[in-house]
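As a plain string of letters, each chain reads:
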Amino acid sequence: MKKLKAFLSALLITTAAFSVSACGSGSSDSKSEDENKYEDQTMPQEKRDQIVERINSDTDSLLTGELSNKTIKWMSTWDINPDSSGKTTPADLVIFQEAYGGNIEFHKVSFSERYDKLAQAISSDEGIDFFYAGDLDAIPKGAIRGMFVPADDYIDFESPLWKDVKEVNDSIMWDGKHYTAVAQMTGDVVATVYNRKTMQEAGLDDPAELYEKGEWTWDAFQSMLESFVDTDNQRYGIDGWWFEFGLIDTIGVPPIGIEDGKLVSNLSDPAMERVQNWMYELYQQNLIAIGVGDYGWDARPNYIGEGKLLFYPVGLHELYAKPEIWKAKYGEDVFFVPMPKDPEADAYYTPAGVEAYSFVKGGQNPEGVAKYLDCKRFCILDEESCAIADSIFMDDYGWTEEMVEMRTEMNRLASENPVIDISRGVSNDCGKVIDDNLRLSSRGIPWNETYDSIYATVQTYIDEINEEAKK
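In contact at an axis separation of 10 Å, helix α2 (residues 45-56) and helix α3 (residues 91-100) are set at 60° when each is read in the N-to-C sense. In the crossing of α2 with α3, the sense of the turn from one axis to the other is right-handed. For the pair α2 and α3, contact is made by R48, I51, V52 and I55 and by A91, V94, I95, Q97, E98 and A99, respectively. Of the residues that constitute the contact of α2 with α3, the class distribution is seven nonpolar, one polar and two charged.

A general trend in soluble globular proteins is that nonpolar side chains are found buried together. Counting 140 residues, the largest nonpolar core has W216, F336 and W399 as its most contacted members. Setting aside residues up to four positions removed in sequence, W399 forms contacts with L316, L319, Y320, W326, F336, F393, M394, V404 and R407.

Our focus in this paragraph is the sheet that holds strand β6 (residues 191-195). Judged by pairing direction, the sheet is mixed, and its four strands sit side by side in the order β7-β10-β6-β11 without closing on themselves. In this open sheet, the two edge strands, each paired with only one partner strand, are β7 (236-238) and β11 (334-337). Pairs of neighbouring strands in the sheet enclose a mean axial angle of 25°, with direction left out of account. For β7 and strand β10 (residues 309-314), the ladder comprises two bridges, and the chain directions are parallel. Looking at β10, one finds that I238 is bridged to F311. Strand contacts of helix α16 (residues 401-416): β6 and β11, with the helix running at about 20° to β11, the strand carrying the most contacts.

This part is about the state of the cysteines. With the rule as written, the count across this model stands at zero disulfides. The structure places no disulfide on C375, whose sulfur is separated from the nearest cysteine sulfur, that of C379, by 9.3 Å. Judged by relative accessible area, which is 0%, C375 ranks as buried. Residue C379 stays outside any disulfide, its sulfur separated by 6.3 Å from that of C386, the closest cysteine. Residue C379 is classed as buried on the basis of its relative accessible area, which comes to 7%.

Averaged over the protein chain, the pLDDT score is 88; the fraction of residues at 70 or greater is 90%. Across residues 1-41, where pLDDT falls below 50, the model places 64 contacts with residues more than four positions away in sequence or in other chains.

With 15 residues, helix α11 (residues 270-284) ought to run about 21 Å at 1.5 Å a step, and its terminal C-alpha atoms sit 21 Å apart, in line with that. For α11, every residue scored as buried is listed here: A271, M272, V275, Q276, W278, M279 and L282. On an axial view of α11, the arc spanned by its buried residues comes to 155°, and they lie on one face. One side-chain oxygen of the residue at the start of α11 lies 2.8 Å from the amide nitrogen of A271, identifying that residue as D269. In the stretch just after α11, N286 is the one whose phi turns positive, near 65°.

Turning our eyes to something else, we now look at the packing of aromatic side chains. Two aromatic rings are characterised by how far apart their centres lie and by the angle between their planes. Scanning the model with the defined rule gives 34 aromatic pairs in all. Geometrically, the ring pair formed by F96 and Y100 is tilted, given 6.4 Å between the ring centres and 50° between the ring planes. Here F96 pairs with Y100, and both are found in helix α3, just four residues apart, close to one helical turn. Accessibility assignment for this pair places F96 and Y100 in one class, buried. Both rings, one in F335 and one in F336, keep their centres 5.3 Å apart while their planes meet at 20°; by these two values the pair is stacked. Look at F335 and you get buried, because its relative accessible area is 2%.

Attention now moves to the packing of helix α14 (residues 366-381) against helix α15 (residues 383-397). Where α14 meets α15, the axes come as close as 5 Å, and the angle between the chain directions of the two elements is 90°. Taken together, the axes of α14 and α15 are roughly perpendicular relative to one another. Contact with α14, carried on its side by F378, C379, I380 and L381, involves E383, S385, C386 and A389 of α15 and no other residues of that element. Of the residues in the contact of α14 with α15, the class split is six nonpolar, one polar and one charged.

Reading guide: rules and limits
- Residues numbered from 1 in each chain as written.
- Predicted model: local features only at pLDDT ≥ 70, side-chain atom pairs only at ≥ 80, totals over all residues.
- Heavy atoms only, no water.
- Axes fitted to C-alpha atoms, helices over the stretch in contact; angles between N-to-C directions.
- Helix = DSSP H or I, 4+ residues; strand = E, 2+ residues; numbered from the N terminus.
- Left-handed = near helix turned anticlockwise from the far one by under 90°.
- Contact = heavy atoms within 4.5 Å.
- Nonpolar A, V, L, I, M, F, W, Y, C, P; charged D, E, K, R; others polar.
- Core = buried A, V, L, I, M, F, W, Y, C linked by side-chain atoms within 4.5 Å.
- Buried < 20%, exposed > 50% of the residue type's maximum accessible area, 1.4 Å probe, protein only.
- Pairing = 2+ DSSP bridges.
- Disulfide = S-S within 2.5 Å.
- pLDDT = per-residue confidence, 0-100.
- Expected span 1.5 Å × (residues − 1).
- Arc of directions from axis to C-beta.
- Polar contact = N/O pair within 3.5 Å; in protein donor to acceptor, adjacent residues only side chain to side chain.
- Phe/Tyr/Trp six-rings, centres within 6.5 Å; stacked < 30°, edge-to-face > 60°.
- Parallel < 35°, antiparallel > 145°, perpendicular 65-115°, else oblique.

The structure is reproduced here in structure tokens:
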């Protein structure tokens, strides 16, 4: 029990630290319109000219119409415009600038205060136009609270720009309407990060090669861990706070989802029991590093670069930084692959994120938001624009073509087999129950004990929302 308390305490500290470091100071300031003018952009002119050429060659007339109001107000923890992270102007924003003369006014908020600040902005009629829904906590609570309005009046999901993501957008409809606009599924939520030099020195196969051969499965994952781990000699298996849900997602069944317009719990699904029992087995064999022996309760991603740790599942945002930063932590030979395939699943499921946006109640320029999202879809669909975006990404973060290709492959997996968990969208309390308790099998708590302790509580949260939706 002492270990369990230490784990939960460390998890709380880690989550808080991530919120502060990744999500800003929490001040609700905004940039002026002049600061957002595209004349001040940092994208090389040559690449901007290439994008303009792609817009001019839009023979299918995907980008149509004009904007009388060219400013859209964006509230988030992160800026779409170039910022201190080192990124240049995103290609989709350049398209918006060049096709419509548009610009984005950024209103910064902290992660923990997002919804409070949004509610204040709505009540004070600030005219915030759109809000990030990719954190998967916007639906259904944001719709039920009346914070968001349907995108259906502004986006035609049957149109050529949107038809290939219509199915995933339809899958999370609430009350028969689209309260989020999913621009694309992303596969970078959790990846298995490793060091190729470590694999070579340990005589293990490169996971990327196993993936290419269709052999990157739970079985291969566990076999490599069993071969490598020797805690007495500082050789550890899996570390971090991301791997539990990274592995859970591979069964293809979200803890909480939407079916036929209603919330449903999948805690009793046999696949959920199977993955939880597997994580318990990994714990029993000391293959999970954190909390084992003298490892402690702090994540040690630097052990990847030092050859002491085999796998560090984490979001690829860890590598969305200047190369000297991520190489210092993970080593020169770092690489990544999707989470391993569940050998009993009917498809290759991988942790899937959504790049999604919600139209805010009282927004003054929803038409402008729709045009910006059309530009984003254009950038995704147009191969040459996508290639330009990839080249900018490589320049910014020092990625190799192989890394970009693997990220693209992970996006493909997420798009072909989308699994979206909306536990956090039910309520903060529901999200916390799921987040805290579905990790416990990997900390030595048998799944049947966890299931018995949370099933009724989670079902109550779901029933309350489903009943509220009927009113």
